[in-house]
Each structure stands twice: as structure tokens, then as C-alpha cells.
There are 2 protein chains.
Amino acid sequence: MDSDFGIPRELSPLQQLRSQYQPQLPPCLQGTTVRVEFGDGTTVAKAGDAHIIARAFPHTLGQPLAHFLRATAKVPDAQIITEHPAIRVGIVFSGRQAPGGHNVIWGLYEALKVHNAKNTLLGFLGGSEGLFAQKALEITDDVLQTYKNQGGFDLLGRTKDQIRTTEQVNAALKACTDLKLDGLVIIGGVTSNTDAAHLAEFFAEAKCSTKVVGVPVTINGDLKNQFVEANVGFDTICKVNSQLISNVCTDALSAEKYYYFVRLMGRKHSHVALECTLQSHPNMVILGEEVTASKLTIFDITKQICDAVQARAGQDKNHGVILIPEGIVESIPELYALLKEIHGLLKEGVHADNISTKLSPWSSALFEFLPPFIKKQLLLHPESDDSAQLSQIETEKLLAYLVETEMNKRTKEGTYKGKKFNAICHFFGYQARGSLPSKFDCDYAYVLGHICYHILAAGLNGYMATVTNLKSPVNKWKCGAAPMTAMMTVKRWSQNCGSTSIGRPAIHPATVDLKGKAYELLRQNEQKFLMEDMYRNPGPVQYDGPGADVKAVTLCVEDQDYMGRIKKLQEYLDQVRTLVKPGCSQDVLKAALSVMASVTDVLSTISSSSTSGQQFA
Amino acid sequence: MDSDFGIPRELSPLQQLRSQYQPQLPPCLQGTTVRVEFGDGTTVAKAGDAHIIARAFPHTLGQPLAHFLRATAKVPDAQIITEHPAIRVGIVFSGRQAPGGHNVIWGLYEALKVHNAKNTLLGFLGGSEGLFAQKALEITDDVLQTYKNQGGFDLLGRTKDQIRTTEQVNAALKACTDLKLDGLVIIGGVTSNTDAAHLAEFFAEAKCSTKVVGVPVTINGDLKNQFVEANVGFDTICKVNSQLISNVCTDALSAEKYYYFVRLMGRKHSHVALECTLQSHPNMVILGEEVTASKLTIFDITKQICDAVQARAGQDKNHGVILIPEGIVESIPELYALLKEIHGLLKEGVHADNISTKLSPWSSALFEFLPPFIKKQLLLHPESDDSAQLSQIETEKLLAYLVETEMNKRTKEGTYKGKKFNAICHFFGYQARGSLPSKFDCDYAYVLGHICYHILAAGLNGYMATVTNLKSPVNKWKCGAAPMTAMMTVKRWSQNCGSTSIGRPAIHPATVDLKGKAYELLRQNEQKFLMEDMYRNPGPVQYDGPGADVKAVTLCVEDQDYMGRIKKLQEYLDQVRTLVKPGCSQDVLKAALSVMASVTDVLSTISSSSTSGQQFA
């Protein structure tokens, strides 16, 4: 299985050129001396979850944020790490492949070698399975040679993104102990990083000296929270998909006879679809978050699209492009309920052929209404995270089919008098995932790799590497680390008999923020996108010239830099402490007390009311 | 329908950058003085077709080749065109959209304006339908502004690629007369250029003064013959598709659990598939020409793929990528026969639902054996050129289905002991067609546009613009024009009662040359491609840096430049004439006669035997 991993291979001229690209490091990571400044201990996003999370993470909850600063930075409390004893680190691709993953390995390797030539980096072959089986390849310059700045996860490969069962965590523990690892770096998305956090706790409990570090690498862009602005791979995926979407738009406009229904990979939430819409301006996008917020049924969505087709036909436009996130099938209430029932029956061991007879009357009616190809796809076994096999369910074909049926009906009834509706369906998924990473993803991943080293050098366990202020040039990037427990929330389901079921604490995927600036940008333009064919082609990813430094729209429009603002707050608090030192005047103290009482009051009120309203829940 | 054509639009940063790119011109087209040198009158590729073609083209057959040379070129017979009276030219997108099409218009516009500011260029809106309806837009600098070096045909749009029926050619004649056009430039592939040739003849017969010029623009790359080395759009399409194929290869290698079946747009023949294979090195490609040559049935192909899957499983490889040209369905003998029967019945007016009962026993058996989705697709009405709706027939899914069935059978029988076979299917078509054109396609199309002007300035009718020596840099390109009649062949079908049916003379699509160097390159590597996963990622199309000048592999490996070699031959003949002028010695004359007699003899023999063996038939 693993015989071919890490072997040198023939590169195309562009691949060769890319393999010679040296990503920049922000000033704080240059040189061999780095300061670590610790912030206050972290809390969790939802106050109501705190006790559940505390119970699951007695050892790793409440750890402080860490900021990595230049050796010359003037921060009194920062700690300079000068000792760099030789360490052994393991790294594993746990999540699904995302462009840039290889550069995390390269960045970590570089940092290890710069600080102590005796440091060792072991790459586990074939993902988590390789970790359990202790199959590892020592990373060397030679091994990395043809993988620098290249796409895919084929340097090490991957299997399933799961390190969760007792058997699995024990195997991981044994591997880290047997291989005498000081650190284990886990690369992946929400699922992998949740597993990493639990593994860190498990290792701490077991007094295993291996520190676990997570890295946010996922094309879905859904590992987003106060500490994490972006995920490695998202930039590339959105650029590649946007190019293809724009090509389809141009095609639609050239021939003026087809509606293209394009489904996009990206799991449950619609980050990829939103970003691609803002880059390429298709006529319509159905965001899962909107469907959920408005509780739209499949018939509502069909009607929405049909009305759009009809409005466009009124302007003599018989073509268009509609984006559909793959996760939408789980956002549509009745389809989600149907899927849940099917998955429940599959778990009980009911054979797929017999499921239709065991469904509830409502679900059965819906199921029987659906065309055969979709029925078959809905009956597939769920994924390891209990979600449906989204990449295999052709929602774009279902919608095209329903829209066509409805348009034919409207034609017969005489309410639609336009040309015959013709749809062409596409799924943009696997063809983008293995792409050469964009410059942004190359840089971001490489820097994260470096940060992993500094997390381990500082002896931290259960942290995720973070870079903030990403919309600025690399030399303004801020590097840090955040405890993964601070990103956790807990899900609750009401059961039939009125009781509530509580999920395992996890880093849940972020939804598209319907109050955020990126969504606002979409809303401002959606009518123009729909009617005016403002198609825009970002073109193929460029590596040279001015086009090479373009960044994701959603990254650039949001005011992120939460970490920077947390630091700013600390500075204010420190200033108050300095200004109001013992010996200050009565008046100053009185003013300080009055103002601070009011500040505390306001914040307490907001905090308690925001418990349930967090976007990254 | 046409309200939006030619309107300015918002461009992305890369589109803006590209809109400022100025393609180079080869030296012969620089400045305002160009020499035209005429070669000998042309013949047709198959001697046996000559009399049929002659009957169809009394006015336009046998015209000489034209070469455009620098004003300073030392060619005694060349004619310098110094008079440039104002002319009116129409241009129409007749074929399917291909990246670069807009640059033909731009190039022609530039040439017109450089030679006489009063020249007028009219673009027909909505393709051939716009020509018939005389809906035209005057091309100006403003109109072109946001379409220079951009993909798609959306500046003017297109409808059907047909100017063929009596009604259609009469409408075209009326349009050209009414609009007082001196020239009509038709942009498209084999079908459009065949129509252009017939239209030129029809205009000549009707004593219409409009000269018709064809331009080879098609993503299929099948308008290839002695005079035409490449088609506008092919380079871009193959690069975009190769990138996506390589991404899928990287993905396959990262997860090691899927076989990807990728169908490629490209019509009947397999040029796109061959080029993409040579660029990206997938494990397998099924070329239509191989299927035809070896008379492979669908079961043979299934077995071939299954054997490959089994051999790879023996090396612990449970993933792979297989390319399937969309035209393959017409190359497989029994499927082609079935399609022919279905199309015949559809033509007779039989409803699709009743066709299965009217098929011959053989075809009926095959039809019933096929899975339902394919049945439905095979029943679609044929295209305007009588071929099946190739883009709608999911051959990749059919093959994946048959391979899966066979692998399951082998597993049950115990002959296959590998992991379960899993397939994922893709169709790469529409998402590449609207792409930003590569630098090559930008340059090539722009130069062809210029040549169109010179063809018209020289008063030529029924010619196609040609550029040869394309694999060299632009400053070595050779510009010319070839009579379209010289590219014609005639198809013959044996009828049931022993008689032969003869087709209309046409520029037929070239097949992949199984004796050519490009195919040889594939054959040399196919075993390695199959077993060793030598995946190679050409990456996204680049516009800056060293990667921007990469050209198609099939273009570079073949010794083309037929036009250059024809010119070389003329030079030899001229030299002989000079050396053996009256007054030369008896010995020289004797030697010349002896050698020339032998040359003539050899060539006569070869010519008569090659009548039926031409590759571009």
C-alpha cells in the first residue's frame, strides 16, 4: 500500500519551478530565537458548555493563548526559548487531502533542522492507519525534494480521518511511546483536530510525554473561529473552482441555451460556494445556511429557481449558472429527516433494499417521490462523522430534474412561455482537491509548519498552530497557538421523551455567518448577479506577476484578527494597572473603579445573553 | 437574445492584465506591405475523390497555395499588394466555442484598420442565425476592449454550426449582398469550414463578390491536414483538462481507494485525450482510433480495464485514472450500429419510447443489456452533423458500471482477490471550453485574424487562413492560405443491395494518426503509465514566467510544416530549372533527365498506392 509514498517523481516544468519556490517567513519566525508570550487562560465560546468541556478535558482546559514574537520584541513577560535539545516528532495526514498539506511537513522539517540538526521528523505512511501500525518514513531533504509546494497528500498518503475509538487512541499512544516521540502533529479539518484535542488530553492523562499539535488543513474552510481565520487548501480550491465556474458562465453566455447546475465539494456548510460566488459571479447560489435559516423545503428551492428561470426568460435570457453546495442535502429539513431515518435503519442492520418499507409515512412519501438515481444515493452508508456521503449524492441532478419538471408543467399550464429549459449538471470536487497549491496556501502551510515546532519547543500540549492577520502581506502575519479546547462546543438533541442528549465536546464546523460582511456583499449583489450576467473570470491560479498575490474575498472582507484584538485588550488592562498603582491619587482610583464597574457590568450582561447565539457553534 | 453581446463588462484582475497583452506578429505580417507568393495549383488528398470534388467545386477547385512574405523577402514572383481600398467584412462564430475565438476578430480588426481606416468589420450576433437575420454589430475599439485575449464566444455569441440548406445559403448570400460585404470570415471547426467552402463555391457561381474565408477554431483539434497544424482552442482545452486530470491523479494517489473514469470532450476522435495523456500521464487511455483499428467490443474494453485493475491490485495499487474520449461510443462497433439504428428510427419519426421494440435482434439484445441511464442517453436525437449527442452520453459511467460488475464477478469466482473496486466518474467538457485562452491560442488566433485580411486583400475566395511551423517561436511562424477544396475528401458507404452511397465532399475530421510520433510516444510509455503512477501535473495555465510558453506535446513531436516543405520542393524545382537552362552542357541535361525520370516514376507509384491510405481522410 505504501510502497510508492515519498518516492521522487518526474515533475512538469511548472512543478519544477514551484518546487524551487521558497515561502517567506514572517519576521517573528526568522532566525533561531523566538519569544513566546502567554496570554490569559482561555475560556470556551459558550458559557453553558463550560462544565461539560471541563469534565472531558481536566488536563488541557483553560490553557493560555501563546504568541510568538521576534527576539527583539519589547514584551517584558515573554519567554525566550534558548535550549533546543534534540526532539523526535511524528506527523500524520489525518483529514482529507487539501492543497498545501505537504508544506506543513516541509515547514516543520525546516524549523526542526534549523534549531537542532539532530531533530528527527517521522511521517506516518497511509494516514492514521500508518500511525496505528507505526509505519513511518523519516523525512529528509531528499524525500521532500519533489513535494515542496506540490498538491495532494501523496508524500505520505491518507486513509480515514479518525483517531477516536479506544483501540485507536491506544494504538496512537503505543506508537508515540514506542517511537519515543516528543511531539505528534495532526493535519486535518474539524474532525481530525477534535480527535487531536481528545488525544492530547488522553496522552496527558496517561502521562505520555508526547505533545499533540493540530494544524487547520481542510478545503472546506469550516475550521473557523476566534483563533483561526482560514484553512490551508481553501484558497486554492476556491480559485480552481471559481475558474471552472467562470468558464461555465462564459460558455453559457456564448451559446445561450443551457442552465448549468454546479455542485461544489465543501461538506456540510457553504463556505466554498460563498467564496466561489464572490469570485465568479454566477447567477445564483443556494447557501445551506440560508436554507436552514428560512426552513426552505426542496419544493421552495425548486420554486425559487423556476421563478428565476422565468424572470430571466422574460428578458430573453435562456441560460444561467446555479451553484449548489454539496451539503445542502443536509440543510433541507425533510431531506435531512429522511437521511436520518435511513442512517438509523442502516445502523440497525436493515439492508438498503428493505429500507423503503420501514420509513415513517412522511419520509416514505418523500422517498417514493424522488427519482431512482437519488434514492440509490441516499441509501449509501454514512461517513465516519455520521454525515451523509455528500460527494456521492447528486443534488444538482435532483434540482435540475425538479426544475425541469416544474418548467414543463408551467409551460403546459401556459404560465411560462419561454424557451424549453435545458440543464447540464456538473460536480466540481475531486478535480480541484489535488491541485498545485496557490502561493497563499504554500506560504500559509509552510508558516504553520514552523509554528508547530515552536509549540513543541515551548512544551505545549493540545494546541493548534494559528496565523492571524492573514489578509495582510506575510511580513505582517501574527503567529501563535491556541488551546483546541477553547474552540470546543457541545451539541444537544432533544429526544423523543423530552430528555436531552449531549454530544461529545468537539470543534464543530463553522456555518457561513449570515450577519458577516462576506454574506452582506453577496446580498448586495445577488439581484444583479441573477439578472445581469456579471460573470467574472478570476482565471487560472497564477504564480508569477500581479495575479499571484490575490487572496480569497471572504478572507479580505472580514475584520478578523481576533488574536490581535485580544492582545490589544491585554495592553489596555496592563496600562490601567500601571496608571492605578498603589500610591495613585484618590481621584484616579475612584474614576478607575467607577469606569471598571460599568465595563464589568456591561460585559457580564452581554456574555450571559450571547451564550446561545455564537456563530461558530 | 443578443441584447448583451459585445457589452463592456467587469474584468477580474487577471482578465484585465490579459486584456492588455499584445500578441506578437511574425515578421511577414508586420508593417503595411506584405508580399503574396502563389504556389502551384492544389490537388486533393485522395486521387479517387478528385472527379467528385471537381464536380462540386467547378469555380474554387485547384486554386494555388498562397504564402505571405515580408515586403523585403527575395522572391521574384511574389506580388506586393499596395492598393488597399476600403472594404467591408463580416465575421461569424459558426462552430462551438473555443478559447481564442475573440482574438481572430481582434486580429482581423487590427489588420483592417492598419491598412485603411475606412475598413469596416461587422460581427454577426448569435452565430449563423444572426448572419441569416442580418443582425450585426460594428466592431470597434470600444467593443473589443474587454474581450481581447478572453475566452468564450460571448462577444458575438453562437447558435448552430450550420450554413448548409438551400434556405440557409440563400439567406447568407442575401445578407452579404445587402450588407455589401467584400468578405465573410467563418470561424469554426470541420463542419463550419466545410460549409464555408461550399458557400464560397455557391457565391462564385452566383457571381456574388463576397469572398469567403475559413478559420480553424475548434477545441477538438481534428481540423488537421497537410496545411493545418493546429486549431485555435485545442492548446488551452488540453492544458485546462490536463491540469484537472493531474489533480485527480494526485487525489487518487493520496487516498488510494478510487478509480477515476474521466470522459473528455473532443467529438468523434481522440486528439484531446491523446494530448492530455501525454501531458498528465494517467494510468490508461482508451483511444477511439485504437478501438476502431482493433475492432474492440465494449466487452473487450471492459476486460482490458479489469485486467489492468487486477494487475495493479497485484502490486497493492487500488486506485487509478482512466481517460475516455467522448467519441469512443461511436468507435465501438456494436454501439455504433445500435446508434445508427436508433437515429434511423428517430428520423422515421418513431417515438423514443417505442424504439426498443423496433430494433434488430442484435441491437435489441445489446440495448436491453445496457443500464437504464445509458439507454435514455442513446435515445437522444443526433446532432446537426448526424453524430450522436456525445457530450450527453455518459460512457464513463457505462464503463465504470461494466467494470464494477465484472470485478465483482471475478471476486465471487475467486479469480480476483484484491480490494473492492470503487469508481468515481467525471466529464470534463463545458468547464474548460470557456477558459481564458493560453498565450499560444491568443497569439495563434490573433495571427490568423491578420491573415484573413491578407487573404481578402489578395482577392482570394474559398481559402482557409493557415500558420505553419507553429512549434517554433512566433517570429518563425509561416503564414499562408490554402484552398479549402484541397482539404476535402469523400466518404462512401456500401448499401444493402451492393451499391455505394457517396457523401458530400467535406473536410472530414482527422483521426489520431496511429503511425504518428505522438502515438508512438504514448505506446512507448503506456506500460509505465499503467503500472508505475508516473503522474505529472502541468499545473494551471500560466501567463507569466517560463511556464507561459509551453506548447502542446502532440504539436511539438510531429514533423509538420508541410507548407514549408512544399515551398522547399518548389525551390529545388526552380534550382533544377535554373541549372538546366537551354545552353547547359549535354552531360548536365542527360543527368537531369535520368534522375528526374526516376523521381517521377517513384512518385507516381507512391501516389497511386496511397490513394486509400491517407490519415486525414
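Cut-offs used in this document
Residues numbered from 1 in each chain as written. Chains lettered and ligands numbered in written order. Predicted model: local features only at pLDDT ≥ 70, side-chain atom pairs only at ≥ 80, totals over all residues. Heavy atoms only, no water. Pairing = 2+ DSSP bridges. Helix = DSSP H or I, 4+ residues; strand = E, 2+ residues; numbered from the N terminus. Contact = heavy atoms within 4.5 Å. Axes fitted to C-alpha atoms, helices over the stretch in contact; angles between N-to-C directions. Phe/Tyr/Trp six-rings, centres within 6.5 Å; stacked < 30°, edge-to-face > 60°. Buried < 20%, exposed > 50% of the residue type's maximum accessible area, 1.4 Å probe, protein only. Lys NZ or Arg CZ within 6 Å of the ring centre and 35° of its normal. pLDDT = per-residue confidence, 0-100. Salt bridge = Lys/Arg side-chain N within 4 Å of Asp/Glu carboxyl O. Parallel < 35°, antiparallel > 145°, perpendicular 65-115°, else oblique. Left-handed = near helix turned anticlockwise from the far one by under 90°. Least-squares fit on C-alpha atoms with pLDDT ≥ 70 in both. Patch = residues over 30% accessible without salt bridge, like charges linked within 9 Å, V, L, I, M, F, W, Y side chains within 5 Å. Areas by Shrake-Rupley, 256 points an atom, 1.4 Å probe, with all protein chains shown as cover. Expected span 1.5 Å × (residues − 1). Buried area = accessible area lost by both parts, 1.4 Å probe. Polar contact = N/O pair within 3.5 Å; in protein donor to acceptor, adjacent residues only side chain to side chain.

Our focus in this paragraph is the sheet that holds strand β8 (residues 211-216) of chain B. Residue and element names in this part refer to chain B. Pairing is mixed in the open sheet, where 10 strands are placed in the order β3-β1-β2-β14-β13-β8-β7-β4-β5-β6. Lying at the two open borders of the sheet, with one neighbouring strand each, are β3 (79-80) and β6 (136-138). Here strand β1 (residues 34-41) runs beside strand β2 (residues 64-70); their pairing, made up of six bridges, is antiparallel. Following the sheet pairing, valine 34 is matched in β2 by arginine 70. Packed on one face of the sheet, helix α22 (residues 562-579) meets β1, β2, β13 (463-468) and β14 (478-483) and runs near 90° to β2.

Turning our eyes to something else, we now look at the packing of aromatic side chains. As enumerated under the stated definition, the model contains 26 aromatic pairs over all chains in all. Look at phenylalanine 440 of chain A and tyrosine 444 of chain A: their rings are 5.6 Å apart centre to centre, the planes differ by 40°, and that puts the pair in the tilted class. Linking phenylalanine 440 of chain A with tyrosine 444 of chain A, this pair stays in helix α19 (residues 439-457), spanning four residues, or about one helical turn. Comparing phenylalanine 440 of chain A with tyrosine 444 of chain A, the two get one shared label, buried. A centroid spacing of 5.9 Å and a plane angle of 70° characterise the contact between phenylalanine 440 of chain B and tryptophan 477 of chain B, whose relative ring orientation is edge-to-face. Taken together, the residues phenylalanine 440 of chain B in helix α19 (residues 439-457) and tryptophan 477 of chain B in the loop between β13 and β14 connect sequence positions 37 residues apart. A relative accessible area of 7% means that phenylalanine 440 of chain B is categorised as buried. Under the relative-accessibility criterion, tryptophan 477 of chain B is labelled buried at 4%. Members of the aromatic cluster, joined through ring pairs, are Tyr258 and Tyr260 of chain A together with Phe427 and Tyr430 of chain B. When the ring centre of tyrosine 572 of chain A is taken as origin, the NZ or CZ atom of lysine 568 of chain A, which lies over that ring, is 5.8 Å away.

With 96% of its residues at a pLDDT of 70 or more, chain A has an overall mean of 91. In the model, residues 611-617 of chain A has pLDDT below 50 throughout and makes 16 contacts with residues more than four positions away in sequence or in other chains.

When their charged atoms lie close together, side chains carrying opposite charge are able to pair. The tally for this structure, following the rule as stated, stands at 50 salt bridges over all chains. Salt-bridge contacts for glutamate 396 of chain B lead to arginine 263 of chain B; the nearest nitrogen and oxygen are separated by 2.6 Å. Taken together, the residues glutamate 396 of chain B in helix α17 (residues 395-413) and arginine 263 of chain B in strand β9 (residues 259-264) connect sequence positions 133 residues apart. Residues glutamate 396 of chain B and arginine 263 of chain B agree in their burial class; the two are buried. Connected via shared salt-bridge partners are Lys303, Asp307, Glu406, Lys409, Arg410 and Glu413 of chain A.

A few words now on the packing of helix α8 (residues 234-255) of chain A against helix α8 (residues 234-255) of chain B. Closest axis-to-axis distance for the α8 of chain A/α8 of chain B pair is 13 Å, and the angle between their directions is 140°. Relative to α8 of chain B, the element α8 of chain A lies oblique. As for the relative orientation of α8 of chain A and α8 of chain B, their crossing is left-handed in sense. Facing α8 of chain A, whose interface residues are Val240, Gln243 and Leu244 of chain A, α8 of chain B presents Val240, Gln243 and Leu244 of chain B.

Attention now goes to the sheet that holds strand β12 (residues 423-428) of chain B. All names here are of chain B. The parallel open sheet is built from four strands, whose spatial order is β10-β11-β9-β12. Two strands bound the open sheet, and with one partner strand each, they are β10 (284-285) and β12. Bridge analysis of β10 against strand β11 (residues 320-325) gives two bridges, and the strand direction is parallel. Residue pairing across strands places valine 285 opposite leucine 323, the latter belonging to β11. Together, β9, β10 and β11 form the strand contacts of helix α9 (residues 271-280), whose direction differs from that of β11 by roughly 155°.

All right, on to the relation of the copies chain B and chain A then. Of the two same-sequence chains, chain B is brought onto chain A (RMSD 0.2 Å, axial shift 0.1 Å) by a rotation of 180°. The operation mapping one copy onto its partner corresponds to a two-fold rotation axis. When you check the interface residues of chain B against chain A, 100% turn up at the interface there too, and the contact is symmetric in its surfaces.

Residue and element names in this part refer to chain A. A cluster of nonpolar side chains, Leu569, Leu573, Val576, Val595, Met596, Val599, Val602, Leu603 and Ile606, forms an exposed patch at the surface whose accessible area comes to about 710 Å². At the level of secondary structure, the elements contributing two or more residues to the nonpolar patch comprise α22 (562-579) and α23 (586-609). Tallying contributions element by element places α23 first for the nonpolar patch, with six residues. With respect to the helices and strands, leucine 603 occurs in helix α23.

Along an α-helix, a turn takes 3.6 residues, which lines up residues three or four apart on a common side. Here helix α7 (residues 190-205) of chain B spans 23 Å end to end across 16 residues, near enough to the 22 Å set by a 1.5 Å rise per residue. Along α7 of chain B, 13 of the 16 residues are buried, which leaves the element largely enclosed by surrounding structure.

Residue and element names in this part refer to chain B. If you trace the backbone, phenylalanine 299 turns up in helix α11 (residues 298-314). Taking C-alpha positions, phenylalanine 299 is 44 Å from tyrosine 463, a pair spaced 164 residues apart along the chain. Setting aside anything within four residues of it in sequence, one finds phenylalanine 299 in contact with Glu334 and Phe369.

Turning our attention to the interface of chain B and chain A. On the side of chain A, 60 residues touch chain B, which itself brings 60 residues to the contact. Of the roughly 5100 Å² buried where chain B meets chain A, counting both sides, 50% is carbon and sulfur surface. Remark: the boundary between chain B and chain A carries six salt bridges. The partner of arginine 536 of chain A in a salt bridge is glutamate 10 of chain B, and the shortest N-O contact between them spans 3.7 Å. If you look at where chain B meets chain A, you find 24 residue pairs in polar contact (both at pLDDT 80 or more).

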